[in-house]
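Notes for the structure review
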Amino acid sequence: MNLEAPLDSLKGIGEKTKHLFETAGIETVGDLLTYYPRAYERYEEPASIQDLPQDEIVTIQGMLTTPIANRYYGGKCISTTACSDGTGEVLLTWYNMPYQKNSLRTGVTYIFRGRTKKKGKRLLIEQAAVFHEEQYAVLTTTLQPVYSLTKGMTVRMVQKAVKQVLSSLQPSVHTSENRVAQDTAALKNTTYADYLPEELRNRYHLCPWAEAVSQMHFPDSFDSLQTAHRRLAFDEFFFFLLQLQNLREHREQETHSFHIRAKGAADRLIASLSYELTGAQKKVWADLLRELQGEKVMVRLIQGDVGSGKTILAVLALLTVAENGYQGALMAPTEVLAAQHYDSICRLLEQSGLPYKALLLTGSMTAKQKREAYAQMESGEASIVIGTHALIQEKAVYHALALVITDEQHRFGVRQREMLAQKGSTPHTIVMSATPIPRTLAVILYGDLDISVLNEMPANRLPIKNCVVGPSWRPKAWDFIEKQVQLGHQAYVICPMVEESDLVDAENVMEYTETIRKALPAEIHVEYLHGRMKPLEKNEVMGRFLRNEIQVLVSTTVVEVGVNVPNATVMLIENADRFGLAQLHQLRGRVGRGDAQSYCIFLHSGKSSEIAERLDILNHSNDGFEIAAKDLQLRGPGELFGVRQSGLMNFRLADVYMDADVLQLANEAVTKIIAEDPELSLPEHREMKAIYQRQKNRQSGQISL
Ligand code: ADP
Ligand code: MG
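Residues numbered from 1 in each chain as written. Chains lettered and ligands numbered in written order. Predicted model: local features only at pLDDT ≥ 70, side-chain atom pairs only at ≥ 80, totals over all residues. Heavy atoms only, no water.

The subject of this paragraph is the overall build of the protein chain. When you go through the protein chain residue by residue, the secondary structure sums to 24 helices and 22 strands. Residue burial in the protein chain is summarised as follows: out of 705 residues, 54% are buried. For the protein chain, the proportion of contacts with a sequence separation of at least 24, taken over those separated by at least 6, is 73%. Approximately 31,100 Å² of the protein chain is accessible, and the part contributed by carbon and sulfur atoms is 51%. (Helix = DSSP H or I, 4+ residues; strand = E, 2+ residues; numbered from the N terminus. Buried < 20%, exposed > 50% of the residue type's maximum accessible area, 1.4 Å probe, protein only. Contact = heavy atoms within 4.5 Å. Areas by Shrake-Rupley, 256 points an atom, 1.4 Å probe, with all protein chains shown as cover.)

Taken together, 18 residues lie around ligand 1, and Gln281, Gly307, Lys310, Thr311 and Arg461 are the ones closest in. A distance of 2.8 Å separates an oxygen atom of ligand 1 from a polar side-chain atom of Lys310. Computed on the free molecule, ligand 1 has an accessible area of 570 Å², of which 88% lies beneath the protein chains in the complex. Under a 2 Å grid-point criterion requiring more than half of the atoms, the pocket assigned to ligand 1 is the second largest pocket. (Near = heavy atom within 4 Å. Polar contact = N/O pair within 3.5 Å; in protein donor to acceptor, adjacent residues only side chain to side chain. 1 Å grid on protein atoms, 1.4 Å probe; cavity = no way out; pocket = protein on both sides within 12 Å on 5 of 7 lines; lining within 4 Å. Sits in = over half its atoms within 2 Å of the grid points.)

Okay, the layout of surface pockets next. Here the second largest pocket is characterised by a volume of approximately 1,000 Å³. Taken together, 36 residues form the lining of the second largest pocket, with Tyr275, Arg461, Asn564, Pro566 and Arg593 sitting closest to its centre. Counting only elements with at least two residues in the lining of the second largest pocket, the list comes to helix H12 (311-322) and helix H13 (335-352). Sort the elements by how many residues they give to the lining of the second largest pocket and H13 lands first, with 7 residues. Per-class residue counts for the lining of the second largest pocket are 11 nonpolar, 15 polar and 10 charged. Both domain 3 (257-295 + 309-433) and domain 4 (465-621) contribute no fewer than three residues apiece to the lining of the second largest pocket. (Points joined across faces, edges and corners; volume = space filled by probe spheres on them. Nonpolar A, V, L, I, M, F, W, Y, C, P; charged D, E, K, R; others polar. Domains from an automatic or database assignment.)

The subject of this paragraph is the sheet that holds strand S15 (residues 428-433). On the basis of which strands lie adjacent, the open sheet formed by 7 strands has the order S12-S13-S11-S14-S15-S10-S16 and parallel pairing. Looking along the sheet, the strands with just one partner apiece sit at the ends: strand S12 (358-361) and strand S16 (450-454). When strand polarity is set aside, the average angle formed by the axes of neighbouring strands in this sheet is 20 degrees. Strands strand S11 (327-331), S12 and strand S13 (384-387) of the sheet are contacted by H13, whose axis makes an angle of about 170 degrees with S12. This element, helix H14 (residues 367-379), spans S11, S12 and S13 of the sheet and lies at about 140 degrees to S12. (Pairing = 2+ DSSP bridges. Axes fitted to C-alpha atoms, helices over the stretch in contact; angles between N-to-C directions.)

With 15 residues, helix H5 (residues 155-169) ought to run about 21 Å at 1.5 Å a step, and its terminal C-alpha atoms sit 21 Å apart, in line with that. For H5, the complete set of buried residues consists of Val158, Gln159, Ala161, Val162, Val165, Leu166, Ser167, Ser168 and Leu169. (Expected span 1.5 Å × (residues − 1).)

A word on the environment of Glu236. Secondary-structure assignment places Glu236 in helix H9 (residues 222-252). For Glu236 and Ala666, which are 430 residues apart along the polypeptide, the C-alpha to C-alpha distance reads 8.9 Å. In this view, Glu236 contacts Phe651, Arg652, Leu653 and Ala654; residues no more than four positions away in its chain are not counted.

Our focus in this paragraph is the sheet that holds strand S17 (residues 465-469). Strand order in this open sheet of 6 strands is S17-S22-S21-S18-S20-S19, and the pairing throughout is parallel. In this open sheet, the two edge strands, each paired with only one partner strand, are S17 and strand S19 (526-529). Taken over all neighbouring pairs, the strand axes of this sheet differ in orientation by 15 degrees on average, direction set aside. Pairing geometry for strand S18 (residues 490-494) and strand S21 (residues 568-573), over 5 bridges, is parallel.

In this section: the pairing of strand S20 (residues 552-555). Along S20, one buried face is formed by Val552 and Val554 and the opposite face, lined by Leu553 and Ser555, is buried too. Judged from the 4 bridges that link them, S19 and S20 form a sheet pairing that is parallel. Within the sheet, the bridge partner assigned to Glu527 lies in S20 and is Leu553.

Turning to the packing of H5 against helix H8 (residues 209-217), a few remarks are in order. Look at H5 against H8: their axes get within 11 Å of each other, and the N-to-C directions meet at 160 degrees. What the angle tells us is that H5 and H8 run roughly antiparallel. Considering how the two elements wind past one another, H5 and H8 form a crossing that is left-handed. Contacts from Gln159, Val162, Leu166 and Leu169 in H5 reach Trp209, Ala210, Val213, Ser214 and His217 in H8. When its residues are assigned to classes, the contact of H5 with H8 shows 6 nonpolar, 3 polar and no charged. (Parallel < 35°, antiparallel > 145°, perpendicular 65-115°, else oblique. Left-handed = near helix turned anticlockwise from the far one by under 90°.)

As structure tokens, then:
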């Protein structure tokens with residue numbers, strides 16, 4: 001089985017399914033295999049009916065009190081009955097499933113699972129999934145994968161296709177029987193080989209790749225899932241570090257021919273600011289200025305927590321380059337952020353009366369707009385270019401690029417950084433990141449970058465007031481938002497999901513927007529934002545929020561990165577227990593960016609006091625790494641599985657915080673292999689080299705929100 005083969009080379013994948021998969025970004029067989037579950041669920045033990053909560057996904061065990069009745073309305077069938085377990089009774093209905101009438105009998109114990117609803121004084125479960133006792137018992141002991149599905153896709157669809165690929169992959173794949181059919185005919189055309197030599201796998205106690213992938217989709221146990229995760233995290237780190245190695249080698253011999261001197265533009269801008277730079281900002285600016293004027297090519301990481309004021313440093317550096325007749329580029333991971341940087345730089349140029357031209361270049365601009373932008377970049381008319389990865393595309397030619405800055409660096413792959421650096425003749429490089437990581441890891445992840453730390457917050461900041469509350473507090477939270485809006489402020493509400501889902505019990509952006517819109521006075525504008533919207537739509541919504549034409553923004557975590565709306569003072573996070581603490585910390589950083597008192601409300605699902613205790617860590621720490629470490633301590637790796645902590649570097653599975661030990665091993669492995677075989681030309685490294693090349697080519701175009 002060739003991993004690059006298109007999906008329709010699989011049996012049973014027709015045009016329609018192929019298209020569905022494509023909308024989820026699955027185009028090749030390899031994409032399918034690495035479409036890992038987002039999380040795993042273990043089905044809960046049945047609860048007694050008398051204790052059932054309203055509007056939650058529940059499991060009950062009992063018998064039907066009456067035979068099912070089918071009634072027809074305009075061609076549609078509604079089947080109704082009730083179920084009792086001795087403690088109480090609940091109504092059951094199914095739509096367009098008339099066959100339930102014949103398949104479910106009275107006098108037999110069944111298990112039903114679905115969402116409860118209030119119907120008059122009684123509780124109702126619609127479209128409950130039905131299980132026999134033995135069948136359900138298996139589900140309570142195995143882990144059920146939860147995939148991020150797009151409309152029309154089902155778990156079964158994914159699993160069936162994955163099974164087919166797995167069964168053709170390797171004869172030795174270990175999975176529990178009857179899960180992966182051993183298709184002997186398919187074994188004949190097995191061309192797949194593990195890229196990691198056996199010797200290396202043994203040394204680092206890593207399981208074979210095919211086994212790991214198989215376990216990700218069909219885990220036998222929690223232990224085997226962890227083993228699989230460890231192997232795949234190793235792979236991700238491994239290839240990332242191979243690329244980094246490559247980048248580092250290129251850089252080693254670098255000198256530059258720019259002649260840069262501070263001629264007053266930066267000072268003029270500083271003088272025009274409404275605030276004074278913090279001590280830390282002054283110190284880092286001195287570092288940057290010294291290196292811009294020096295002989296060596298600058299390669300520096302600015303690490304500073306959310307809101308510490310990194311942008312202004314980027315602007316000062318860009319201006320200094322511009323006043324010397326060169327160009328500088330600032331690359332942001334999202335269009336929203338790029339547009340925001342562009343606006344604030346234009347404003348700063350205007351208020352300080354500096355004559356330099358800034359330009360915005362993003363993927364969603366029309367071909368004509370792009371052509372004009374390219375022309376201004378090539379002629380040198382624009383000295384400050386701000387954009388997304390459009391900045392590194394082939395057509396982007398610069399006149400005299402001397403400085404390249406990537407904001408929220410952790411969102412980019414190494415390859416993108418490298419491509420931007422190749423645009424000029426070895427320009428100075430600054431990367432900015434809000435994610436604090438300990439020195440030992442920074443040295444591995446950022447290679448030989450010099451590191452500046454912004455460890456001081458602007459003085460005007462009032463500490464954010466936090467509270468951790470259960471769902472019964474929601475009406476008060478909305479009242480609070482209303483009051484803040486009446487004071488002229490704005491609010492974010494974060495929901496984990498985009499749309500309603502049968503499997504996951506969590507708030508979703510679309511429905512939430514409707515509900516809160518109705519609950520708030522009509523003059524308060526509520527809008528939504530999520531990652532599946534088109535870039536133009538996202539920009540438009542963000543722009544309106546920035547101008548306070550929208551007061552309440554209901555959003556997924558797309559706002560996590562870098563967005564700066566200082567007038568927003570409330571952050572309400574729904575289902576806060578579904579997020580990693582480090583991520584919550586990033587989200588919280590969207591408020592508290594201006595002079596006004598800001599508030600962060602963590603609303604959890606209210607099931608245990610542990611959750612409140614865990615979230616309470618956020619009250620006591622402001623250091624992302626410390627927060628993640630405490631989270632790990634409190635919950636243990638088991639519970640944290642599938643919860644992304646850092647989102648650092650855009651790894652898919654690996655997490656720099658939680659898999660720090662694997663990162664160290666991968667680093668050791670890469671160092672050793674490169675020392676022995678720098679070109680990866682030995683036969684045992686052939687497969688490895690092929691994957692490396694493929695990833696490198698792929699990554700150049702790919703960026704995720
Ligand atoms: P981040 O480090 O998260 O990128 P930003 O650069 O977006 O933070 O800065 C956050 C906000 O703080 C912006 O509105 C910016 O104008 C403001 N700011 C930056 N430096 C200072 C300072 N020294 N004093 C007061 N406000 C500042
Ligand atoms: Mg920023």
